[in-house]
Amino acid sequence: MAAARPSGSWSRALCRLLLLTLAILIFASDACKNVTLYVPSKLDAEKLIGRVNLKECFTAANLIHSSDPDFQILEDGSVYTTNTVLLSSEKRSFTILLSNTENQEKKKIFVFLEHQTKVLKKRQTKETVLRRAKRRWAPLPYSMLENSLGPFPLFLQQVQSDTAQNYTIYYSIRGPGVDQEPRNLFYVERDTGNLYCTRAVDREQYESFEIIAFATTPDGYTPELPLSLIIKIEDENDNYPIFTEETYTFTIFENCRVGTTVGQVCATDKDEPDTMHTRLKYSIIGQVPPSPTLFSMHPTTGVITTTSSQLDRELIDKYQLKIKVQDMDGQYFGLQTTSTCIINIDDVNDNLPTFTRTSYVTSVEENTVDMEILRVTVEDKDLVNTANWRANYTILKGNENGNFKIVTDAKTNEGILCVVKPLNYEEKQQVILQIGVVNEAPFSREASSRSAMSTATVTVNVQDQDEGPECNPPIQTIRMNENAAVGTTSNGYKAYDPDTRSSSGIRYKKLTDPTGWVTVDENTGSIKVFRSLDREAETIRNGIYNITVLASDQAGRTCTGTLGIILQDVNDNGPFIPKKTVIICKPTMSSAEIVAVDPDEPINGPPFDFSLESSTSDVQRMWRLNEINDTAARLSYQNDPAFGSYVVPVTVRDRLGMSSVTSLDVILCDCITENDCTHRADPRIGGGGVQLGKWAILAILLGIALLFCILFTLVCGASGVSKQPKVIPDDLAQQNLIVSNTEAPGDDKVYSANGFTTQTVGASAQGVCGTMGSRVKNGGQETIEMVKGGHQTLESCRGAGHHHTLDSCRGGHTEVDNCRYTYSEWHSFTQPRLGEKVYLCNQDENHKHAQDYVLTYNYEGRGSVAGSVGCCSERQEEDGLEFLDNLEPKFRTLAEACMKR
């Protein structure tokens, strides 16, 4: 038993130890890193004493609680006092409980508060007793609270080097707050390395300080590198949030929907961003007038919206709100500022204009025009002098004849009723009008809620007036035959007295009568034919002859009317052909179409009958008429008449037998179109009917002058022939010798004779007809080239060493008829000389036979169609002139002129 008791005691002790260990493990698993805050001995209420990193401990926490009611923990980890706290000699601590209500997970953070003077003494004691094994030349960044109350100098931290175990170390610092602005804010004890702050710091001015610490021996040796110390100034909620404007002014339309945005206010806070010190919350704390509450404000954005749709400008046109902004997310201990917001209610057209009376009575004399007869008034609660207030009046009923109009007085907004067209008492003694009124702006309410227009009734009494004769209708008509005899009478224009509806006592007078065909009876207004009437006269339009009549009563009052005399057609005009000149292009046409017209009415007009009217049988033999339709016929020639102008009389009869004869001037022309015959004088049409214009005459004169110039040039050329020793014959067969191949370029020289350029080595001459010859020497080979008329030789177009075709160098043909009369003269002159030249060409420089110059042609047989190819042929051939017989019409006149010569 004795031995068992100790065993039981030992078992119980072991169980207690295990339970304690398990509790410690469970507690350790739920607890986070402890936090120590160094604070003054006295802490005022609602003061920040430090900040704890809650996210590092528990990220998903949504509930924060403090075990000590004297302290409050905010979402960002800021620790505030709720009451004034005095620290005793012992430490004070509390626990921050973090939990997640969704998964019931919990965490704890232990916070210890220590007085700064006690901490300093404790450190100084440890420095004298203990030796640090851990190197402290790189301490963690330190922070201090802005606007700290001290006591000063305030210990911040200790800077110490491990080399102090072997050396005597002196500590010093430099940088902002030491030897730079703000100067003397920090200092360090030389021997201990304790860092102190000498006064309070404003974070809004200096967010942090970076100073450099030095460790040196008394003799100046530096065993450590300079150390950078960062001192962060912790923010205190010492700045009030401030609105960006002292007074906000917004405008919103009345009757707007719930939730309509009125405007947005904004405030700023100089404290540290993204902290509770700058987390602002907006709210409305007052409204004038106070009831009903019509606006709300978003707490985070400051946007003001409407909470009711009963904004009525006609009741209240302006609201004044007192708004507040508070930091610390609206916590009761947060700093706050107020401002004023004025909201103006803008007008919409939600009130209809209404007449002050439902009926009006007025009067006006007949025949009155452009006169104001009534003013009506309306009431409108909308904003004055706006489109929602200005009225637009209209006449709804009773103004079918357009006698009235109603307009708005821009100053008074009244409706002015005016007479714009005279009224007639004899026709209507009273007019009842219905008028309506709306605004310029459309009505904003639903149409089903009420009528969108106010109406009223206006009774207009027409007063009788003694007035003159009335010409009604203003235009009256009568009918008369156009062949009515002079002296024929008919009813005329009738005017009447509107009061008696009678025409007695009214006198008439003719005002206008374009051709003086009629007279007007003064008493009855009847008309009498004074001259013969003609419906087809130029002054008649649509068969109506108009005269103007003046009617007057005994008092001298007048009216004017128009009498239209409708002239009834009589078949007094035969049909005729307006186009009296007919051109038939004989190569392309065998007939022409002729059209007749009749000035009479269609009842006296077509269908027409066409026939040839002539006492001679030549017209019947040469021409034939075939009807095409009721108003046209085809005139065609027969028996192949010659080109020229012919007179063909044609008789045209209408359906009643009235006829007329039209003599047509028919031109048979050698043309393609009528314009070819009209614009030129062809000798084959006899010149009849074709006239030359001034430009055509001028062109003929210029052509004659040019012809004389050519003749003068030829005569001058003929006179120069006698001075030349040699003349080269013409090639009448229009042949050109093809240039033989050359293997080396020669020396070409160009000479000018009588204005014509040729190339020659020896001498060249020009005949009477402008014939040109060339003697060319190229590479030891000599050829003679002959060109007829205006042809140029190939050599005359060739440059040095360049070849061209003959066709590209031709300048055109020249008249050659005159050459025939002088051919025998120059032929007898050139024949012996040409033989001499051929003989000389057959010898070289040593007077020996040279095969390179002239070669004998081989015999090609008899009967060659081309004839001789020699340049000395005596045949006067005219081959190649057949094209002159088939010239186009525009070249025939020139060809015939040349043939006559």
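Not measured: the values here are computed from a predicted model. (Residues numbered from 1 in each chain as written. Predicted model: local features only at pLDDT ≥ 70, side-chain atom pairs only at ≥ 80, totals over all residues. Heavy atoms only, no water.)

Enquirer: Help me understand the overall build of the protein, please; the structure alone is not making it clear to me.
Expert: Within the protein, the secondary structure is distributed over 8 helices and 52 strands. The 901 residues of the protein split such that 37% are buried. Put simply, of all contacts in the protein between residues at least 6 apart along the chain, 65% involve residues at least 24 apart. Element-wise, carbon and sulfur atoms account for 53% of the exposed surface of the protein, whose accessible area totals about 52,600 Å². (Helix = DSSP H or I, 4+ residues; strand = E, 2+ residues; numbered from the N terminus. Buried < 20%, exposed > 50% of the residue type's maximum accessible area, 1.4 Å probe, protein only. Contact = heavy atoms within 4.5 Å. Areas by Shrake-Rupley, 256 points an atom, 1.4 Å probe, with all protein chains shown as cover.)

Enquirer: Just to check I follow, could you spell out the sheet that holds strand 14 (residues 194-197) for this structure?
Expert: Strand pairing in a sheet relies on backbone hydrogen bonds, with the paired strands running either antiparallel or parallel. On the basis of which strands lie adjacent, the open sheet formed by 3 strands has the order 11-14-13 and antiparallel pairing. What marks the edges here is a single partner per strand, and that holds for strand 11 (154-158) and strand 13 (186-188). Pairs of neighbouring strands in the sheet enclose a mean axial angle of 25°, with direction left out of account. (Pairing = 2+ DSSP bridges. Axes fitted to C-alpha atoms, helices over the stretch in contact; angles between N-to-C directions.)

Enquirer: Where do I start with the confidence of the model for the protein in this structure?
Expert: Any region with low pLDDT has predicted coordinates that should not be read closely. Scored by pLDDT, the protein comes out at a mean of 76, with 71% of its residues at no less than 70. In this model residues 118-135 is a low-confidence stretch, pLDDT under 50, and it forms 24 contacts with partners more than four residues away in sequence or in other chains. Counted against residues more than four places away or in other chains, residues 864-878, with its pLDDT under 50, gives 21 contacts. (pLDDT = per-residue confidence, 0-100.)

Enquirer: What should I look at first to understand the state of the cysteines in this one?
Expert: Note: disulfide means a covalent bond formed between the sulfur atoms of two cysteine side chains. Taken as a whole, this structure holds 4 disulfides when the rule is applied. The disulfide partner of C32 is C57, and the gap between their sulfur atoms is 1.7 Å. Across the S-S bond of C32 and C57 the torsion is about 70°, and the bridge reads as right-handed. You can see C32 sitting in the loop between helix 1 (4-30) and strand 1 (35-39) and its partner C57 sitting in helix 2 (residues 54-57), a full 25 residues away along the chain. As far as burial versus exposure is concerned, C32 and C57 are alike and both buried. A disulfide bridge connects C471 with C559, and the sulfur atoms are separated by 1.9 Å. In this structure the cystine formed by C471 and C559 twists about its S-S bond by roughly 75°; its chirality is therefore right-handed. You can see C471 sitting in the loop between strand 34 (454-463) and strand 35 (475-481) and its partner C559 sitting in strand 41 (residues 558-568), a full 88 residues away along the chain. Like C471, the residue C559 is buried in the burial classification. (Disulfide = S-S within 2.5 Å.)

Enquirer: Sorry, what's going on with the environment of S645 here?
Expert: Looking at where S645 falls in the secondary structure, it is placed in strand 47 (residues 644-653). Taking the C-alpha atoms as reference points, S645 and L668, separated by 23 residues in sequence, lie 6.2 Å from one another. A distance of 2.7 Å separates the side chain of S645 from the side chain of D665, its partner in a polar contact. (Polar contact = N/O pair within 3.5 Å; in protein donor to acceptor, adjacent residues only side chain to side chain.)

Enquirer: Can you walk me through the pattern of salt bridges in this structure?
Expert: Side chains that carry opposite charge are capable of pairing whenever their charged atoms lie near each other. Enumeration over the complete set of coordinates arrives at 20 salt bridges. For R203, the salt bridge goes to D235, with nearest N and O atoms at 3.0 Å. With R203 in the loop between strand 14 and strand 15 (208-216) and D235 in the loop between strand 16 (227-234) and strand 17 (242-243), this residue pair connects regions lying 32 residues apart in the sequence. Taken individually, R203 and D235 each receive the classification buried, so the pair is uniform in this respect. The salt bridge involving E372 is made with R375; its shortest N-O contact spans 3.0 Å. (Salt bridge = Lys/Arg side-chain N within 4 Å of Asp/Glu carboxyl O.)

Enquirer: Would you mind going over the nonpolar core with me for this structure?
Expert: The nonpolar side chains of a soluble globular protein tend to be buried, and buried together. Counting 24 residues, the largest nonpolar core has M480, W517, I527, I547 and I565 as the members making the most contacts within it. Among the elements of the structure, strand 35, strand 38 (518-520), strand 39 (527-529), strand 40 (544-552) and strand 41 are those that each provide at least two residues to this core. The residues contacting M480, other than those within four sequence positions of it, are T488, S490, I527, V529, L533, I565, I566, L567 and Q568. (Core = buried A, V, L, I, M, F, W, Y, C linked by side-chain atoms within 4.5 Å.)

Enquirer: Just checking my understanding: could you explain a nonpolar patch on the surface for this structure?
Expert: Together, I697, I700, L701, I704 and F708 line one region of the surface with nonpolar side chains, adding up to about 490 Å² of accessible area. On the secondary structure map, I700 appears in helix 6 (residues 694-719). (Patch = residues over 30% accessible without salt bridge, like charges linked within 9 Å, V, L, I, M, F, W, Y side chains within 5 Å.)

Enquirer: What exactly am I supposed to notice about the packing of aromatic side chains here?
Expert: For any pair of aromatic rings, geometry is given as the distance between the ring centres together with the angle between the planes. Applying the stated rule across the entire model yields 15 aromatic pairs. Between F155 and Y196 the ring centres are 5.7 Å apart and the planes differ by 70°, which places this aromatic pair in the edge-to-face class. On the criterion of sequence distance, the pair formed by F155 in strand 11 and Y196 in strand 14 is long-range, its members being 41 residues apart. The residues F155 and Y196 share a single accessibility class, namely buried. Here the aromatic cluster, defined as three or more aromatic residues joined through ring pairs, consists of F243, Y248, F250 and Y282. Over the face of the ring belonging to F214 we find R174, whose NZ or CZ atom lies 5.2 Å from the ring centre. (Phe/Tyr/Trp six-rings, centres within 6.5 Å; stacked < 30°, edge-to-face > 60°. Lys NZ or Arg CZ within 6 Å of the ring centre and 35° of its normal.)

Enquirer: Even after reading the chapter, I still don't get the sheet that holds strand 15, so can you show me in this structure?
Expert: As summarised here, the arrangement of the 4 strands in space is 10-16-15-12, forming an open sheet in which the pairing is mixed. Every interior strand has two partners, whereas the edge strands, strand 10 (142-145) and strand 12 (170-174), have only one. Within the sheet, the average angular offset between the axes of one strand and its neighbour, ignoring direction, is 30°. Bridge count between strand 10 and strand 16: 4 bridges; the pairing is parallel. The partner of S143 across the bridge, within strand 16, is K232.

Enquirer: Where do I start with unusual backbone geometry in this structure?
Expert: Across the chain, the bulk of peptide bonds are trans and the bulk of non-glycine residues have phi less than zero. A cis geometry characterises the amide bond from S291 onward to P292, with omega recorded as -5°. Mapped onto the elements of the fold, P292 is located in the loop between strand 21 (281-288) and strand 22 (295-297). In this model, N472 is joined to P473 through a cis peptide bond whose omega is 0°. The residue P473 is located in the loop between strand 34 and strand 35 in this model. Positioned with a positive phi, N639 is a non-glycine residue whose angle comes to about 65°. Position of N639 relative to the elements: it lies in the loop between strand 46 (632-637) and strand 47. Judged by its relative accessible area of 55%, N639 is exposed. One non-glycine residue with positive phi stands out, namely D640, at about 50°.

Enquirer: Where do I start with the environment of P153 in this structure?
Expert: Looking at where P153 falls in the secondary structure, it is placed in the loop between strand 10 and strand 11. Residue classification places P153 among the partly exposed positions, given a relative accessible area of 43%. Residues P153 and T198, 45 residues apart in the sequence, show an inter-C-alpha distance of 4.5 Å. Setting aside its immediate chain neighbours within four residues, P153 contacts Y187, Y196 and C197.

Enquirer: So what exactly am I meant to see when it comes to the side chain of D513 here?
Expert: In this fold, D513 is placed in the loop between strand 37 (507-512) and strand 38. Judged by its relative accessible area of 15%, D513 falls in the buried class. Here the side chain of D513 touches G516 through a polar contact of 3.3 Å, landing on its backbone nitrogen. Once residues lying within four places of it in the same chain are set aside, the contact partners of D513 are V518, Y545 and I547.

Enquirer: Which parts of the structure should I look at to understand the environment of T301?
Expert: The residue T301 is located in the loop between strand 22 and strand 23 (303-306) in this model. Put simply, T301 and C266 are 35 residues apart on the chain and 7.8 Å apart in space, counted from C-alpha to C-alpha. What T301 contacts, discounting residues up to four positions off in sequence, is Q264, V265 and Y282. Within the structure, the side chain of T301 is placed 3.5 Å from the backbone nitrogen of V303, a separation counted as a polar contact.

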